[in-house]
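# Structural features, examined
Listed here are the chains, written in short residue letters.
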Amino acid sequence: MKQGLIKFLAASLILCGGISTIATFPLIAPPPVKAQDEDTNIRVYKQASPAVVSIQSRSGNGSGSIIDPKGLVLTNAHVVRGSTTVNVILSDKRQFRGVVMASSRNPDLALIRLEGVTTNLPTIQIASSNGIQVGQRAFAIGNPFGRFAGTLTTGIISRIDSDRKLLQTDAALNPGNSGGPLLNSRAELVGVNTAIFTTNSANSGIGLAIEADTVKQFIASARQGAIANNTPTVTRSSNVLNLDGNAIASVLTASDNTLPDGSYYKAYQFQGEAGQSVVIEMRGNGIDPYLVLFDSTGRKIAEDDDGGGGKNARIAITLSNTGGYTLYANSYEVGQAGSFTIAGTITGRLTNNFTSQSPIESTDDRRIILQKNGILGTQSRVFARDGSLFDAFSFNGQAGQVVQIELVSSDFHPYLVLFAPDSRILQENNGLPSRKNASMTLELPFTGTYRTIVNAFAPNGKGAYKLIVKRVR
């Protein structure tokens, strides 16, 4: 064989007047199918991966695609939920501060503008949905689990959901892939990976991506200013929310005011004092509750989707200023209408005369990231596994940062649990041998929002506590 040519001999014996004829046909052998697949995988990855980014936000980690050489990044709205700025890491390890310029819950898409871009960046082109067919090859590139940036998985388009404008794929998707591109064999974006449907706790199942035409419509609307990462001005027709623990029953209807994404909301106002710790809970009947809290200046200071267990929303916060606060009772899904209850309670107040014997420095220490005084009691949540009470708090950490977390109580045996941004348990501490002070010191593995759980070692443990998170280096 020379230069891929094969002399294939096809002989036919023609018995005609005793004459034999032999013919030869030079043919080019096609390369093996496996080699063709590998070449396509390699080509798609080389072409698209430089334009796939990792995104770190208050909500955790996700992926995105650069769609404009000046630094416009496309991702999911749930990746940047609750954030106005995010950290964006390119495939070449460069990092940029990203400003969330547009966000919509339906479709679940957002645009991020990178700051400080001085040279043209690599981009991914967006295909048309018209040419997408079931059975065609599909490629996903992203940052699964927030730790494996630039991961390629392959599969096919398994189904096209025309009603919901979604593509179904069997290319492996995991937490952290959200917002990343689903690509065709030409390395064009045919969808934005957004969800995994599974019947078990494993991250395996049906992957779903928002189709390209919906993505194009969102980008066009965002560039025209029709979609923004904002909320409406506080309405004067707000209801009064008394922080007395009594639930208010209400209903979201099509006649209510709407947020920029079209979802209905009702507004509530209450008076708060600096240092007060309050808990606000919203429970829905047929809707997925969503809470957003603003201070007296109109600045958004907290929001929550499922913090109340199930689909219920819960905000627990220590107020920083004295004045009027406004709360939006909303639904996560656009267009949802239905009944709900909302209640607010004052759970404590920050003071300098905490009764527990604590070796912790005062809040003047600039190393302190988070400090909370609280009470495990009737307003705390309950662990289903043993019936013990717990409160949850979040803080932002940087990869490589060393932090110390300390929980002190003279009323119960403290128990600490720390969750990483990907929701896995990083460390636990039960306060032994002192039984009054549970602490842990560790280096944070990556940048994101960490969650620390204040818990009692005994199921019946309750009372006052002090929690502090501070930088060691």
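Because the structure is a prediction, the values reported are computed rather than measured.

## Brief notes about the side chain of Gln56
Residue position: Gln56 is located in strand 3 (residues 52-57). A distance of 2.8 Å separates polar atoms of two side chains, one belonging to Gln56 and the other to Asn87. Those residues within four positions of Gln56 in sequence are excluded, and the remaining contacts are Asn61, Val86, Asn87, Ile89 and Thr447.

## Some points on the pattern of salt bridges
Inspection of the entire model under this criterion finds nine salt bridges. The salt bridge partner of Glu188 is Arg186, with a shortest N-O separation of 3.2 Å. Given a relative accessible area of 22%, Glu188 falls into the partly exposed group. Looking at Arg186, the relative accessible area reads 55%, which means it is exposed. In this structure, Arg314 and Glu281 form a salt bridge, with 3.5 Å as the shortest nitrogen-oxygen distance. Remark: Glu281 occurs in strand 19 (residues 276-285) and Arg314 occurs in strand 22 (residues 313-318); sequence separation between them is 33 residues. Classification of Arg314 as buried rests on a relative accessible area of 9%. One network of salt bridges, in which partners are shared, links Arg159, Asp161 and Arg164.

## Points about the sheet that holds strand 27 (residues 389-397)
An order of 26-27-32-29-30 is seen for the five strands of this open sheet, with the pairing classed as antiparallel. Strands at the two margins of the open sheet, each flanked by one partner only, are strand 26 (381-382) and strand 30 (425-429). Of the strand pairs in this sheet, strand 27 and strand 32 (residues 448-456) are connected by eight bridges, and their pairing is antiparallel. Directly across from Asp391, in strand 32, lies its bridge partner Val454.

## Considering helix 2 (residues 212-223)
Count 3.6 residues to each turn of an α-helix, and residues three or four apart come out pointing the same way. Taking 1.5 Å per residue as the helical rise, helix 2 with its 12 residues ought to reach 16 Å, and the 17 Å between its terminal C-alpha atoms agrees with that figure. For helix 2, the complete set of buried residues consists of Ala212, Thr214, Val215, Phe218, Ile219 and Ala222. End-on, the buried residues of helix 2 take up no more than an arc of 160°, which puts them together on one face.

## Things to note about unusual backbone geometry
Positioned with a positive phi, Lys93 is a non-glycine residue whose angle comes to about 80°. Along the polypeptide, Lys93 turns up in the loop between strand 6 (85-89) and strand 7 (95-105). Unusually for a residue other than glycine, Lys165 sits at a positive phi of about 60°.

## A few points about the pairing of strand 31 (residues 437-443)
The two faces of the sheet receive side chains in turn, since in a regular strand these alternate between them. Of the two faces of strand 31, the one lined by Ala438, Met440 and Leu442 is fully buried and the one lined by Asn437, Ser439, Thr441 and Glu443 carries no buried residue. Sheet analysis places strand 28 (residues 402-408) next to strand 31, joined by seven bridges and oriented antiparallel. Bridge pairing in strand 31 links Val402 to Glu443.

## Let's talk about the side chain of Ser409
With respect to the helices and strands, Ser409 occurs in the loop between strand 28 and strand 29 (414-419). At a separation of 3.3 Å, a polar atom in the side chain of Ser409 contacts the main-chain amide nitrogen of Phe412. Side-chain polar atoms of Ser409 contact the backbone oxygen of Ala464, separated by 2.6 Å.

## Things to note about the nonpolar core
In terms of nonpolar packing, the biggest core is built from 40 residues, with Leu74 and Leu111 touching the most fellow members. With five residues, strand 8 (residues 108-114) is the single largest residue contributor to this core. If near-sequence neighbours (up to four positions away) are discounted, Leu74 is found in contact with Gly64, Ser65, Ile67, Leu109, Ala110, Leu111, Gly179, Leu189, Val192, Val215, Phe218 and Ile219.

## What about the layout of surface pockets?
Estimated volume of the second largest pocket: approximately 340 Å³. Of all elements in the fold, only strand 3, strand 6 and strand 9 (137-142) reach the threshold of two or more residues within the lining of the second largest pocket. With four residues, the single largest contributor to the lining of the second largest pocket is strand 3. Residues belonging to the lining of the second largest pocket are distributed by class as follows: 11 nonpolar, 13 polar and two charged.

## Let's talk about the packing of aromatic side chains
Throughout the structure, instances matching the rule amount to six aromatic pairs. Arranged with centres 4.5 Å apart and planes meeting at 55°, the rings of Tyr265 and Tyr328 form a pair that is tilted. Residue Tyr265 is found in strand 18 (residues 264-272), and its partner Tyr328 is found in strand 23 (residues 323-331); the two are separated by 63 residues along the sequence. Tyr328 shares its class with Tyr265; the two are buried. Classification of Tyr328 by relative accessible area gives buried; the value is 1%. Among the aromatic residues, those joined into a cluster by ring pairs are Tyr265, Phe294 and Tyr328. Positioned over the ring face of Phe419 is Arg451, at 4.8 Å from the centre of the ring.

## Description of the sheet that holds strand 31
Hydrogen bonding along the main chain pairs the strands of a sheet, whether they run parallel or antiparallel. The four strands are arranged 25-33-28-31 in an open sheet whose pairing can be described as antiparallel. Each edge of the sheet is formed by a strand with only one pairing partner; in this case those strands are strand 25 (368-376) and strand 31. Within the sheet, the average angular offset between the axes of one strand and its neighbour, ignoring direction, is 10°.

## Considering the environment of Phe457
Relative to the assigned elements, Phe457 resides in the loop between strand 32 and strand 33 (463-471). Measuring from C-alpha to C-alpha, the distance between Phe457 and His413 comes to 5.6 Å, with 44 residues separating the pair along the chain. The contact partners of Phe457, leaving out residues within four places of it in the chain, are His413, Tyr415 and Asn430.

## Quick word on the confidence of the model for the protein chain
When pLDDT is averaged along the protein chain, the result is 80; 80% of the residues meet or exceed 70. Confidence over residues 230-236 falls short of pLDDT 50; this stretch has 15 contacts with residues more than four positions distant or in other chains.

Rules of the game
Residues numbered from 1 in each chain as written. Predicted model: local features only at pLDDT ≥ 70, side-chain atom pairs only at ≥ 80, totals over all residues. Heavy atoms only, no water. Helix = DSSP H or I, 4+ residues; strand = E, 2+ residues; numbered from the N terminus. Polar contact = N/O pair within 3.5 Å; in protein donor to acceptor, adjacent residues only side chain to side chain. Contact = heavy atoms within 4.5 Å. Salt bridge = Lys/Arg side-chain N within 4 Å of Asp/Glu carboxyl O. Buried < 20%, exposed > 50% of the residue type's maximum accessible area, 1.4 Å probe, protein only. Pairing = 2+ DSSP bridges. Expected span 1.5 Å × (residues − 1). Arc of directions from axis to C-beta. Core = buried A, V, L, I, M, F, W, Y, C linked by side-chain atoms within 4.5 Å. 1 Å grid on protein atoms, 1.4 Å probe; cavity = no way out; pocket = protein on both sides within 12 Å on 5 of 7 lines; lining within 4 Å. Points joined across faces, edges and corners; volume = space filled by probe spheres on them. Nonpolar A, V, L, I, M, F, W, Y, C, P; charged D, E, K, R; others polar. Phe/Tyr/Trp six-rings, centres within 6.5 Å; stacked < 30°, edge-to-face > 60°. Lys NZ or Arg CZ within 6 Å of the ring centre and 35° of its normal. Axes fitted to C-alpha atoms, helices over the stretch in contact; angles between N-to-C directions. pLDDT = per-residue confidence, 0-100.

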